[in-house]
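This is what each chain is made of:
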Amino acid sequence: TLPAPTATASATATASATATDTSIFTPTEGPTITPTFTLTETATATATATATATPEGGGWTFANIRLTTDPDESDPNILIFGEVINNSGAAQEIAAITGLFYDAQGQVIANEANTTDYWPVEAIPVGGRMPFEMVVIGIQSAASYKLRVESSVGPDLPRQNFEFSAVAQTNESGNYCVGGKARNPGEALKSYLIIVVTLYDGQNKVINFGSDEKVGVTTLVGDKTVNFRICIVPPNQDTVRYD
């Protein structure tokens, strides 16, 4: 939902765009459903842009997308951060987040073979959101792009009804750190607990995220708490808030 970056971009104008997710999620019989949902974005030469993704009939929605160039590479790649939201009506397990990238003439200049993706939790409950990161290798800009989620109905029902306390944020050696305590107000957990911290800028775009996985927490019930501490390496500048 931001324009594709260029190494020499200096424009200061502001533009707006609207993107629509027209994918339809239709449950079928059988243990596995593998829907594919696509969001199309168009980038321009302006410095900033906003887009609104409107799903029709459910499915996956992309939100809070932020495009930059990877500063750690001598020949910068495109670095994408954002969130996916599960509007499919069923708990889903993400298999892949991929994309297609086009030049001004509509020709594909990068595809799934040029991308690497990462997200901290595979299983997403109904209505749940998850941050993701994608690196597009070999290009520094694109005129437009499409993002896609591949998923299947998950065998387990993930939970997100945890409570946090004594949460504090610190900056340490350039890292953005968040720590505190987590409590499980519900039934005993089956296998693991993953705590995710997502950083946002002033336009609610995802800057970066980090996670802390706790295993062996089946006794985390009642008033018991578990400590967590997540330090997020750059990019973490311009952070206005975190979830």
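Use the structure listed above.
Values in this document were obtained by computation on a predicted structure and should not be read as measured data.

About the thresholds
Residues numbered from 1 in each chain as written. Predicted model: local features only at pLDDT ≥ 70, side-chain atom pairs only at ≥ 80, totals over all residues. Heavy atoms only, no water. Pairing = 2+ DSSP bridges. Helix = DSSP H or I, 4+ residues; strand = E, 2+ residues; numbered from the N terminus. Axes fitted to C-alpha atoms, helices over the stretch in contact; angles between N-to-C directions. Phe/Tyr/Trp six-rings, centres within 6.5 Å; stacked < 30°, edge-to-face > 60°. Buried < 20%, exposed > 50% of the residue type's maximum accessible area, 1.4 Å probe, protein only. Lys NZ or Arg CZ within 6 Å of the ring centre and 35° of its normal. Core = buried A, V, L, I, M, F, W, Y, C linked by side-chain atoms within 4.5 Å.

Things to note about the sheet that holds strand 5 (residues 78–87)
Part 1 of the reasoning: One open sheet holds the 4 strands; their spatial order is 4-5-10-8, and the pairing between them is antiparallel. Looking at the sheet topology across the chains shown, the edges are occupied by strand 4 (59–69) and strand 8 (115–118). Across the sheet, the axes of successive neighbouring strands diverge by a mean angle of 25°, strand direction being ignored.
Part 2 of the reasoning: Across 9 bridges, the pairing between strand 4 and strand 5 is antiparallel. The residue bridging Ala63 from the neighbouring strand is Glu83, located in strand 5.

Things to note about the packing of aromatic side chains
Part 1 of the reasoning: For the structure shown, the criterion picks out 6 aromatic pairs.
Part 2 of the reasoning: Measuring from centroid to centroid gives 5.9 Å for Phe101 and Tyr145, while their planes differ by 20°, and the two rings are stacked. Of this pair, Phe101 sits in strand 6 (residues 92–102) while Tyr145 sits in strand 11 (residues 144–153), placing them 44 residues apart in sequence.
Part 3 of the reasoning: Take Tyr145: its relative accessible area is 1%, and that puts it in the buried class.
Part 4 of the reasoning: On the basis of an interplanar angle of 70° and a centroid distance of 6.2 Å, the ring pair of Tyr176 and Tyr242 is categorised as edge-to-face. Of this pair, Tyr176 sits in strand 13 (residues 175–183) while Tyr242 is found in strand 17 (residues 241–242), placing the two residues 66 residues apart along the sequence.
Part 5 of the reasoning: Given a relative accessible area of 10%, Tyr176 falls into the buried group.
Part 6 of the reasoning: Feature note: the residues Phe81, Tyr118 and Phe209 constitute an aromatic cluster, connected by ring pairs.
Part 7 of the reasoning: When the ring centre of Tyr200 is taken as origin, the NZ or CZ atom of Arg241, which lies over that ring, is 4.0 Å away.

Things to note about the nonpolar core
Part 1 of the reasoning: Formed by 23 residues in total, the largest nonpolar core has its most connected members in Ile80, Val84, Ile97, Phe101 and Phe132.
Part 2 of the reasoning: Those elements giving two or more residues to this core turn out to be strand 4, strand 5, strand 6, strand 10 (129–136) and strand 11.
Part 3 of the reasoning: Counting residues in each nonpolar core, the second largest holds 16 residues, with Val178, Ile207, Ile230 and Ile232 among its members.

Section: the pairing of strand 14 (residues 192–200)
The two faces of a sheet get side chains in turn, since along a regular strand they alternate between them.
Part 1 of the reasoning: Of the strand pairs in this sheet, strand 14 and strand 15 (residues 206–215) are connected by 9 bridges, and their pairing is antiparallel. Across the sheet, the residue bridging to Tyr192 is Val215, located in strand 15.

With respect to the pairing of strand 13
Part 1 of the reasoning: Here strand 12 (residues 163–172) runs beside strand 13; their pairing, made up of 8 bridges, is antiparallel. Across the sheet, the residue bridging to Asn171 is Tyr176, located in strand 13.
Part 2 of the reasoning: Counting the residues between successive antiparallel strands, the hairpin from strand 12 to strand 13 contains 2 residues, one of them, Ser173, with a positive phi of roughly 55°.
Part 3 of the reasoning: Pairing between strand 13 and strand 16 (residues 225–232): 8 bridges, direction antiparallel. Across the sheet, Ala182 pairs through a bridge with Val226, a residue of strand 16.

Everything listed here is a matter of coordinates, which is why it stays silent on function.
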